[in-house]
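Working through the structure, step by step
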Amino acid sequence: MNKHTTYVLLFLLFISPFIGAQNSQLRSYSIEDGLPQSQVYDIVQDEIGYLWLGTQGGGLCNFDGTNFSIWNENDGLLSNYIHALYTSNDSLYIGTNLGLSIKIKNNFSNFKCPQVNHFYKSEKGLYLGTKQGIYSYSNTEKLKKLSIHTDIDSSIVNAIVFDGAFYWIATNTGLWKTNKLEGATLQIEKIEENNFKSVVYNNHKIFAATYRDGILILDQKNNESPILLREPLGINSMEIHNKNELWVATDNDGISIIDTQNYSEKRNINKSKGLSVSHIRKTFTDRQSNIWIATSGGGFYKYFQNNFQHFDASSGLKGNRIYAVHHAKNSLWISSSEAGLTQIDTLGIHHIPKIKGFSNIKIKTITSDDHGNIWAGSDGNGVLLRTTKTVDSLVPDYSDSLNVVTKVFTKTVIKNKVLNSENGFPFDWIRKLVNGQSTMWAATYSSGIIQFNYDNEKDSLVIKNRYGKKSGITDLYIKDIALDNQNRLWYATQTGLLGYIQNDKHTALGAALNQQTTIRTLLFHQDKLFLGTAGKGIWVSEISDNTPIFKPLKGAKKMSSENIYQLIFDNQGYLWAGTERGVDKIQLNQDNDIEDIYHFGRNDGFLGIETCLNAVDKDEKGHLWFGALYGLTEYIPSAASKSTLKPEIYFKDVQVAYKSVDSINLKAWTNTNKVLKLNPNQTQLSFTYRSVDIDHPNQIEYRSKLNQNEWSPWSKENKQNFAGLAYGAHQFSVQSRNYRWEESTPIKFNFFIDSPLYKKAEFQWAVIGFAILLLLILGWLYIRRIRLKNKADKAQLQIKNDLLTLEHKALQLQMNPHFIFNVLNGIKAMAINKPDKMNATINSFATLLRETLNNSRKDQITLGQEIKTIRHYITVEQLMAAKPFTFTITSNCELDPEEILVPPMLIQPFVENAIRHGILKGNKAGVLQIEFNTTEHYLHCTVIDNGIGIFKSQETKIKTDHQSMALTVTKERLTSISGENALQITEIKNDDGTIGGTNITFKIPLLTDY
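An unreviewed UniProt entry lists the protein under the name Two component regulator with propeller domain, from Algibacter lectus.

Shown next as structure tokens:
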């Protein structure tokens, strides 16, 4: 040290403070657990919760509490020899012997420089203490060496710390103080010359550790003289833990823990406390207040405080496997492995010397009687009775030969008695021993239950009863026996049978659980019987009556295992269940439903892991003692408990079509409005997420949902796959919960799957628009074509109609020569005998000729005119007819006949045909009816005669060219005017089946003159 500085020299005073009810324990992790190399030089924790470890030769690994993941030079790491680590956001900075490696996701960026020993992060950037000075790193300038002082620039920089005003730099050549690390106007001072390995700042004090001269303490607040702690030596690093504890890691004496207030050594952690090596490189506190210890050659350790105290072979036991546990008279009795009995009391651990005939055997049960004697049952060697008796011993004192005095001394006499088949005990394989009222009970492995008494003074063994198949116990494989408060001895068997013995009488209850399940353990508590089973959990029933009804313990939370080996209640009313995974502390309500469960495994301090059958008891202080495969564990109740942290969940990976999306920072995209846009073919996505709980890594559960769907059930699966997702916007949400069911804040990730072109709205509207336009064009072309066709058809029909009209007119002009001849001959005949009729006939005929000539020049005439013409025509026909007939013309039209337009002479051919070939050929008086009526669109005309019928008339009539042509032309005109089926001709039939005439009906479009 600097000879010009005055020091206050202190040597460490070891103080062993009372730590209350909690105990400190070490949990080691080595190559056997998956660590790649046993020399761990640094430990850090990232924001997710992973621990990162840098090794010497094994590269880099991370740890989640159970599993290790490893990266080395083959993965892109600059060197497998790592000296320092630092994490920030999604980046891990790795200081190696060859320079700097930066890991982002699974990619490494490497920068060569001297060996990196230390990282220091300030507001201005990241600084690296190297083997040759200080370097800085930034995303823009990358790695850059700083020029601070020539001595510092060429020295090994081991540590940097900032006290709020100055930077302190520990190098192999001295301790330095400077106002800044880079830039102009540096104010730098060398405080002390020595090989400084570490420097930390706490509560206004600088602690600077040298390698061989102790720790220099500078109080910045009080400006007192520096203090030099001359111990410990060989220091590698220092850290502040638990606020005021300075943890000093050495290379030859483990860890010294120094109180930063009074500089006393509070405790130390070395080989005697559980470390496998004394060379410690680093200590680190994680977010759950665990302290991790990195060693050179021994892997790393988890140091934590809890309510458990563990004992095993390294603590002084003869073996790790604890078969039986029993508390009696302020002492705990256990059997470990095949090493006999061990007694534990306030004075320590006492191994019982080997007992003849009862050594090197498994002792599966221990109990005590009313006199405090210890009973032990074994596998194959029967029962051991160990009695302890205090007697007075008289010893003469010859120191004064004249006056010999007899003195009384108290003497403890211990006797061991083995009871087995060789000396009258019926069986040697004993499962369980129970002390009853002035009697002992023994459950055998396969021979039922024995009730016996032994008089130690008389060395007398009395077998009172044997209970086997003759007594009604059908399954002799007894798993457990226990006494209730009514002095009934209950038993449970391998096949799940239950029964009890009272007053020498056996009562079998059969399969109490209604299933063949092994009942391993019985426990009575407040008039209730609890059953621990093999694979079916815990059952309970009231035992106030003789027919208990059992129900399983159920609740929202599940036990860590359904395989129950131990059951016991503590003084606080909690039910404890030992399983192959540790112990569960169960809180029950008044209805014996599970309200809460606290699980304790190896990470919680229960290092015994798998508990042994019925190896559990409670001492006079209320402490619980559990026997397990890997040692004996004491639980010390206390009000204080380790607080739990609300879990945090992060997206670990997002894959699209089985490829990771490396182009985005998942943290920056979580719970934001950013949207990952995908093409229509990218409908397969998978999300990997993680919450890390170093203490309970296997008890994290997750649930997720897509969009507004319901949450999925809680499970331990931390990956969700989606295939064939719908197009559009989606939001994936996920949440985690820890072993205490504390839920994390949900995290969300937005993504959008673009629709194919054919499914896009704008494209669909464009297609719809194009289709509509095409349909309109096609419709217009079709309509145009129809119109043109209709126009051509109409023109053709018009021509045809015109021709028919002209032809009809020609026929009208020509009239029927035979008709004219007959009219003229009739007039001639009338001149002699009927001059008056002749004059009427001439007038009617003249009027008919005039109207026919006038109408022939018109395309349309009124219905009134047509009726007038027809009336004149019928009158002429009446005057000329050989037989009389009557006619009526009726108009039932809603419109005035003078307003309705019809083609001229359209009706006359039908009237003529009705008179000539219907009425005149009949034998009865002729009747002709002509009716007109209208509908909305048509004018209907009906011509009815009572002649011989049209079909008979056609058979007998002699066709004339004029008549045939007139009817044919008229029918064609009707078809052209009104379409097909416009004309209907039917015969009228009488009731007797004879023909009563002809009915002609036709329709033409209704036309008006307005």
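Alright, that's what it looks like, and here's the rest.
This brings us to the overall build of the protein. Along its length, the protein carries 9 helices and 73 strands. Computed over the C-alpha atoms, the radius of gyration of the protein is 59 Å, more than 25% above the 30 Å expected from 2.2 N^0.38 for a compact globule of 1010 residues. Here the C-alpha coordinates of the protein stretch approximately 215 × 100 × 45 Å along the principal axes. Considering only contacts within the protein whose residues lie at least 6 apart along the sequence, 54% involve residues at least 24 apart. Each charge class in the protein was averaged separately, 107 positive and 100 negative side chains, and the resulting centres sit 5 Å apart.

A word on the pairing of strand β34 (residues 348-351). Bridging between strand β33 (residues 341-345) and β34 involves 4 bridges; their strand directions are antiparallel. When the bridges of β34 are listed, isoleucine 344 appears paired with isoleucine 349. The turn linking β33 back onto β34 is made up of 2 residues.

The next point concerns the pattern of salt bridges. What the rule picks out here adds up to 21 salt bridges. The partner of lysine 667 in a salt bridge is glutamate 47, and the shortest N-O contact between them spans 2.6 Å. Here the residue lysine 667 occupies a position in helix α2 (residues 666-669), and glutamate 47 occupies one in the loop between β3 (40-45) and β4 (51-55), the gap between them amounting to 620 residues. Among the ionic pairs, glutamate 457 bridges to lysine 389, the shortest N-O distance being 3.3 Å. With glutamate 457 in the loop between β41 (449-455) and β42 (460-467) and lysine 389 in strand β37 (residues 383-397), the pair connects residues that are 68 residues apart, well separated along the chain. Look at glutamate 457 and you get exposed, because its relative accessible area is 61%. Judged by its relative accessible area of 45%, lysine 389 falls in the partly exposed class. Each of Glu141, Lys144 and Glu182 takes part in one network of salt bridges that share partners.

What the rule picks out here adds up to 45 aromatic pairs. Here tryptophan 429 and tyrosine 445 contribute two aromatic rings whose centre-to-centre distance is 5.7 Å and whose plane-to-plane angle is 80 degrees, an arrangement assigned as edge-to-face. In this pair, tryptophan 429 is assigned in the loop between β38 (405-419) and β39 (430-435) and tyrosine 445 in the loop between β40 (440-444) and β41, connecting sequence segments 16 residues apart. Relative accessible area serves as the criterion here: at 47%, tryptophan 429 is assigned to the partly exposed category. Assessed through its relative accessible area of 17%, tyrosine 445 is described here as buried. Centroid distance phenylalanine 606 to phenylalanine 626: 5.7 Å. Interplanar angle 75 degrees. Geometry classified as edge-to-face. Pair noted here: phenylalanine 606 is in the loop between β54 (594-600) and β55 (611-618) and phenylalanine 626 is in strand β56 (residues 624-628), with a separation of 20 residues, a long-range link. Residue phenylalanine 606 is classed as buried on the basis of its relative accessible area, which comes to 0%. Under the relative-accessibility criterion, phenylalanine 626 is labelled buried at 1%. Taken together through their ring pairs, the aromatic side chains of Phe651, Trp669, Phe687, Tyr689, Tyr702, Phe722, Phe732, Phe749 and Phe751 make up a single cluster.

The next point concerns the nonpolar core. One finds Ile874, Val911, Leu928 and Phe932 to be the most contacted residues of the largest nonpolar core, which totals 34 residues. In this structure phenylalanine 932 touches Leu863, Ile867, Ile889, Thr890, Ser891, Asn892, Cys893, Ile907, Leu939, His940 and Cys941, once residues within four positions along its chain are discounted. Counting residues in each nonpolar core, the second largest holds 28 residues, with Leu51, Cys61, Phe108 and Trp292 among its members.

Take helix α7 (residues 908-919) next. When the terminal C-alpha atoms of α7 are compared, their 15 Å separation across 12 residues agrees well with the 16 Å that a helix rising 1.5 Å per residue should span. Most of α7 sits out of view: 12 of its 12 residues are buried. Inspection of α7 places Gln908, Pro909, Phe910, Val911, Glu912, Asn913, Ala914, Ile915, Arg916, His917, Gly918 and Ile919 among the buried residues, and these make up the whole buried set.

What follows deals with unusual backbone geometry. Cis rather than trans, the peptide bond between glutamate 231 and proline 232 has omega equal to 0 degrees. By the element assignment, proline 232 lies in the loop between β22 (227-229) and β23 (235-241). Even without a glycine there, the phi angle at serine 337 is positive, about 45 degrees. As for its placement among the helices and strands, serine 337 is situated in the loop between β32 (331-336) and β33. The residue tyrosine 658 is not glycine, and still its phi comes out positive at about 70 degrees. Topologically, tyrosine 658 is positioned in the loop between β58 (650-656) and β59 (659-660).

So, on to the sheet that holds β58. Read from one edge to the other, the open sheet built from 4 strands follows the order β59-β58-β61-β63, with strand pairing classed as antiparallel. Of all strands in the sheet, those with a lone pairing partner are β59 and β63 (719-722), marking the two edges. Here β58 pairs with β59 via 2 bridges, running antiparallel. Looking at β59, one finds that valine 656 is bridged to lysine 659.

Further remarks concern the sheet that holds strand β31 (residues 322-328). In space, the 4 strands of this open sheet follow the order β31-β32-β33-β34, with antiparallel pairing throughout. Edge positions in the sheet fall to β31 and β34, since each has one partner strand and no second. Taking the axes of each pair of neighbouring strands and ignoring which way they run, one obtains an average angle of 20 degrees across the sheet.

All right, on to the environment of glutamine 655 then. As for its placement among the helices and strands, glutamine 655 is situated in strand β58. Leaving out residues up to four positions away in the same chain, glutamine 655 has contacts with Ser660, Gln684, Leu685, Ser686 and Lys719.

The contact between helix α5 (residues 835-855) and helix α6 (residues 863-880) brings their axes to 9 Å, and the two run at 145 degrees. As α5 runs across α6, the sense of the crossing is left-handed. Residue-level inspection shows Lys837, Ala840, Thr841, Ser844, Phe845, Thr847, Leu848, Glu851 and Asn855 of α5 in contact with α6, the latter providing Lys868, Thr869, His872, Tyr873, Thr875, Val876, Leu879 and Met880. Here the contact of α5 with α6 is composed, by residue class, of 7 nonpolar, 7 polar and 3 charged.

Counting buried residues in strand β17 (residues 174-178) gives 5 out of 5 residues, a clear majority hidden from the surface. As judged from the 5 bridges shared by strand β16 (residues 167-171) and β17, these two strands associate in the antiparallel manner. When the sheet's bridge partners are listed, isoleucine 169 is paired in β17 with tryptophan 176. Count of turn residues in the β16/β17 antiparallel hairpin: 2 residues. Two elements, β17 and strand β18 (residues 188-192), share 4 bridges in a ladder whose sense is antiparallel. Residue pairing for β18: leucine 175 is matched across the bridge by glutamate 192.

Below, the discussion takes up a nonpolar patch on the surface. A surface patch of nonpolar side chains, about 820 Å² in accessible area, is lined by Phe770, Leu773, Leu774, Leu775, Ile777, Leu778, Trp780 and Leu781. One can find isoleucine 777 in helix α3 (residues 761-814). The exposure class assigned to isoleucine 777 is partly exposed, which follows from its relative accessible area of 40%.

Along the chain, glutamate 899 falls in the loop between β67 (885-891) and β68 (900-902). Separated by 110 residues in the primary sequence, glutamate 899 and aspartate 1009 have C-alpha atoms spaced 5.6 Å apart.

Here α6 is 18 residues long and its end C-alpha atoms lie 26 Å apart, about the 26 Å a rise of 1.5 Å per residue gives. Within the sequence span of α6, burial applies to Leu863, Gly864, Glu866, Ile867, Thr869, Ile870, His872, Tyr873, Ile874, Val876, Glu877 and Leu879.

On to the packing of α6 against α7. Between α6 and α7, the shortest axis-to-axis distance is 11 Å and the interhelical angle comes to 25 degrees. With respect to each other, α6 and α7 are oriented roughly parallel. Both α6 and α7 take part in a crossing whose hand is right-handed. From α6, Glu866, Ile870, Tyr873, Ile874 and Glu877 reach across to α7, where they touch Gln908, Val911, Glu912, Ile915 and Arg916. Grouping the amino acids of the contact of α6 with α7 by side-chain chemistry returns 5 nonpolar, 1 polar and 4 charged.

Scoring rules and cut-offs
Residues numbered from 1 in each chain as written. Predicted model: local features only at pLDDT ≥ 70, side-chain atom pairs only at ≥ 80, totals over all residues. Heavy atoms only, no water. Helix = DSSP H or I, 4+ residues; strand = E, 2+ residues; numbered from the N terminus. Rg over C-alpha atoms; globule rule 2.2 N^0.38 Å. Contact = heavy atoms within 4.5 Å. Lys, Arg positive; Asp, Glu negative; His and termini not counted. Charge placed at Lys NZ, Arg CZ, Asp CG, Glu CD. Pairing = 2+ DSSP bridges. Salt bridge = Lys/Arg side-chain N within 4 Å of Asp/Glu carboxyl O. Buried < 20%, exposed > 50% of the residue type's maximum accessible area, 1.4 Å probe, protein only. Phe/Tyr/Trp six-rings, centres within 6.5 Å; stacked < 30°, edge-to-face > 60°. Core = buried A, V, L, I, M, F, W, Y, C linked by side-chain atoms within 4.5 Å. Expected span 1.5 Å × (residues − 1). Axes fitted to C-alpha atoms, helices over the stretch in contact; angles between N-to-C directions. Left-handed = near helix turned anticlockwise from the far one by under 90°. Nonpolar A, V, L, I, M, F, W, Y, C, P; charged D, E, K, R; others polar. Patch = residues over 30% accessible without salt bridge, like charges linked within 9 Å, V, L, I, M, F, W, Y side chains within 5 Å. Areas by Shrake-Rupley, 256 points an atom, 1.4 Å probe, with all protein chains shown as cover. Parallel < 35°, antiparallel > 145°, perpendicular 65-115°, else oblique.

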